[in-house]
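Given next are the chains, with one letter for each unit.
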Amino acid sequence: MTAGRRLLYLSLETPREGQATYTHVHEIIRGLRKIGWTVDLRATSRGGASSGSSYVARLMDYVRVQWQAARRLKQYDAVFMRAHFAAMPLSAWASLRGVPVFQEINGLPADILVTYRWLRWIGPLIRWFYRMQMQMAAHVFVVTEGLRSWALAEAGHDRVSVVTNGADTDLFTPEGQRPAEPERYIAFVGGLTAWHGIATMIAATREPAWPEGVELVIIGDGVERDRLKDAAAHPRVRWLGRRPPKEVASYLRGAVAALSVTEDSAGHLKTGVAPLKLFEAMASGAPVIVTDLPFQGDVVREHETGIVIPMTSPAALAAATATLAEDADLARRRGRNGRSYVERYASWQSRAEEISVVLARRIGLST
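Thresholds, definitions, all that
- Residues numbered from 1 in each chain as written.
- Predicted model: local features only at pLDDT ≥ 70, side-chain atom pairs only at ≥ 80, totals over all residues.
- Heavy atoms only, no water.
- Helix = DSSP H or I, 4+ residues; strand = E, 2+ residues; numbered from the N terminus.
- Rg over C-alpha atoms; globule rule 2.2 N^0.38 Å.
- Buried < 20%, exposed > 50% of the residue type's maximum accessible area, 1.4 Å probe, protein only.
- Contact = heavy atoms within 4.5 Å.
- Areas by Shrake-Rupley, 256 points an atom, 1.4 Å probe, with all protein chains shown as cover.
- Lys, Arg positive; Asp, Glu negative; His and termini not counted.
- Charge placed at Lys NZ, Arg CZ, Asp CG, Glu CD.
- Pairing = 2+ DSSP bridges.
- Axes fitted to C-alpha atoms, helices over the stretch in contact; angles between N-to-C directions.
- Phe/Tyr/Trp six-rings, centres within 6.5 Å; stacked < 30°, edge-to-face > 60°.
- Parallel < 35°, antiparallel > 145°, perpendicular 65-115°, else oblique.
- Left-handed = near helix turned anticlockwise from the far one by under 90°.
- Expected span 1.5 Å × (residues − 1).
- Polar contact = N/O pair within 3.5 Å; in protein donor to acceptor, adjacent residues only side chain to side chain.
- Salt bridge = Lys/Arg side-chain N within 4 Å of Asp/Glu carboxyl O.

Caption draft 1: Spotlight on the overall build of the chain. Along the backbone of the chain there are 13 helices and 12 strands. Radius of gyration (C-alpha) of the chain: 20 Å, near the 21 Å computed for a compact globule of 367 residues. Projected onto its principal axes, the C-alpha coordinates of the chain cover approximately 65 × 45 × 35 Å. Scored against the burial criterion, the 367 residues of the chain give a buried share of 55%. Taking all contacts inside the chain whose residues are at least 6 apart in sequence as the whole, residues at least 24 apart take part in 68%. Accessible surface, the chain: about 15,700 Å² in total, of which carbon and sulfur atoms supply 50%. Placing the 45 positive and 37 negative side-chain charges of the chain at their respective mean positions leaves the two points 8 Å apart.

Have a look at this one:
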């Protein structure tokens, strides 16, 4: 291993190919390795609502991965964690052993309580686990300025910085293969979770303003999949399940528009959202339709990469779809602006370099 740059990356959120977690984890690791870090990934294999595993099996998976990591802790100079309430044991053990822990936070603890409502009875304990891990952390990385403000208050220190999501600008590009069918469509790529607006998307296809000949293509899986199982009930909707990254890229570059219509039904997104789907769609040259939440709404407005709509409004989504479907010049301009934004500000390598600078400084290495 490279002396001084040996990193253990822990992800209790199982990174499955085709999901945002997989992309984020592996892109950051790849970028850090290019810079000269030795990174070992320790990840669960049974996590997530779509895994089919029992909760007992997932709990045992958490224990197994952290036990294996703890036994090898002395081999590393630092631990980088994708924040998870169940990572408290390794976080505490590393801190006791003097191994700096870096926390990467992509959302509020309330996110998990929206997806897994039965956990609300231990909500205070989950929030305490997050808070304690942030307080012990050598540094905390967050994806939006709103999350930074929250983390500063929770952690009680100023070792917090914003490193948002990115895109693979070689894979997600406007040039390349496109799907043969459907001919015209808008695309959603992501987890089928309670806050991703699946019901709103479906309802929008039934609105009078929805343009003729345009379908809604949904790529992904998750707890909301039951809404999509009856294809006959949604004649303008195609659910493709999970697809490999190359196929996702082809659908994005061929889309009339791409969607990030996240909905804040429980106040858990008030700190903003910076979803992977937004960056990958813009990198692909697709104009985006996004809901009016901090960060994603700000980026789309400031850089004119698409259209911002209110949350939970099928009529607004249908109207935005019609605007981009009927004005090809506008759609192309917004798509080009999105590609330019990602090239300038949001490649994965630039994200890894931002993280590397902080890691090296906190560990005491020269950058």
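Still more ground to cover, so stick around.
Caption draft 2: Representation of the sheet that holds strand β1 (residues 6–11) within the structure. Taken together, the 6 strands give an open sheet; going across it, the order is β2-β1-β3-β4-β5-β6, and neighbouring strands pair in parallel fashion. Because the sheet does not close on itself, it has two edges, and the strands there are β2 (38–43) and β6 (160–162). Across this sheet, the average inter-strand angle for adjacent strands is 20°, counted without regard to direction. Direction of pairing for strand β5 (residues 139–142) relative to β6: parallel, over a ladder of 3 bridges. Looking across to β6, one finds that Val 142 is bridged to Val 162. Here helix α2 (residues 55–71) sits on the sheet in contact with β1 and β2, set at roughly 150° to β2.

Caption draft 3: Main features of the packing of aromatic side chains. Inspection of the entire model under this criterion finds 7 aromatic pairs. Arranged with centres 5.9 Å apart and planes meeting at 65°, the rings of Tyr 185 and Tyr 251 form a pair that is edge-to-face. On the criterion of sequence distance, the pair formed by Tyr 185 in strand β7 (residues 185–189) and Tyr 251 in helix α8 (residues 245–253) is long-range, its members being 66 residues apart. This pair shows no difference in class: Tyr 185 is buried, exactly as Tyr 251 is.

Caption draft 4: Region of the structure containing unusual backbone geometry. Look at the link from Glu 181 to Pro 182: it is a cis peptide, with omega at -5°. Relative to the helices and strands, Pro 182 resides in the loop between β6 and β7. The backbone phi angle of Phe 295 is positive, close to 75°, even though this residue is not glycine. For Phe 295, the position within the fold is in the loop between β11 (288–291) and α10 (296–303).

Caption draft 5: Geometry of the packing of helix α3 (residues 88–96) against helix α5 (residues 123–136). At a minimum axis separation of 10 Å, α3 and α5 run at an interaxial angle of 25°. By the criterion of interaxial angle, the relationship of α3 to α5 is roughly parallel. In the crossing of α3 with α5, the sense of the turn from one axis to the other is left-handed. Facing α3, whose interface residues are Met 88, Ser 91, Ala 92 and Ser 95, α5 presents Trp 128, Phe 129, Met 132, Gln 133 and Met 136.

Caption draft 6: Region of interest: helix α11 (residues 314–326). Here α11 is 13 residues long and its end C-alpha atoms lie 18 Å apart, about the 18 Å a rise of 1.5 Å per residue gives. Of all the positions in α11, only Ala 316, Leu 317, Ala 318, Ala 320, Thr 321, Ala 322, Leu 324 and Ala 325 are classed as buried. Close packing links the buried residues of α11 with β7, α7 (198–204), β10 (257–260), β11, β12 (306–309) and α12 (328–345).

Caption draft 7: How the structure looks around the side chain of His 157. Among the secondary structure elements, His 157 is positioned in the loop between α6 (145–155) and β6. Among the polar contacts listed, one links the side chain of His 157 to the backbone oxygen of Met 134, at a separation of 2.9 Å. At 3.1 Å, the side chain of His 157 forms a polar contact with the backbone nitrogen of Arg 159.

Caption draft 8: Spotlight on the sheet that holds β10. The strand order across the open sheet formed by 6 strands is β9-β8-β7-β10-β11-β12, and the pairing between neighbours is parallel. The open sheet terminates on both sides in strands that have one partner only, identified here as β9 (237–241) and β12. Sheet twist, expressed as the average angle between the axes of neighbouring strands with direction ignored, equals 20°. Examined bridge by bridge, β10 and β11 share 3 bridges and lie parallel to one another. Opposite Leu 259, over in β11, you have Ile 289 as the bridge partner.

Caption draft 9: Representation of the pattern of salt bridges. Counted according to the given criterion, the structure contains 18 salt bridges. Among the ionic pairs, Arg 82 bridges to Glu 13, the shortest N-O distance being 3.1 Å. Placement of Arg 82 in strand β3 (residues 78–82) and of Glu 13 in the loop between β1 and α1 (20–35) is noted, with a sequence separation of 69 residues between them. According to the relative accessible area criterion, Arg 82 is buried, its value standing at 9%. Taking the relative accessible area as the measure of exposure, Glu 13 reaches 36% and is therefore partly exposed. A salt bridge links Arg 236 to Glu 212; the nearest nitrogen and oxygen atoms lie 3.1 Å apart.

Caption draft 10: Representation of the environment of Glu 354. Relative to the assigned elements, Glu 354 resides in helix α13 (residues 348–363). Here the alpha-carbon distance between Glu 354 and Val 163, two residues 191 residues apart in the chain, equals 7.1 Å. When residues no more than four places from it in sequence are discounted, the contact partners of Glu 354 are Val 162 and Val 163.

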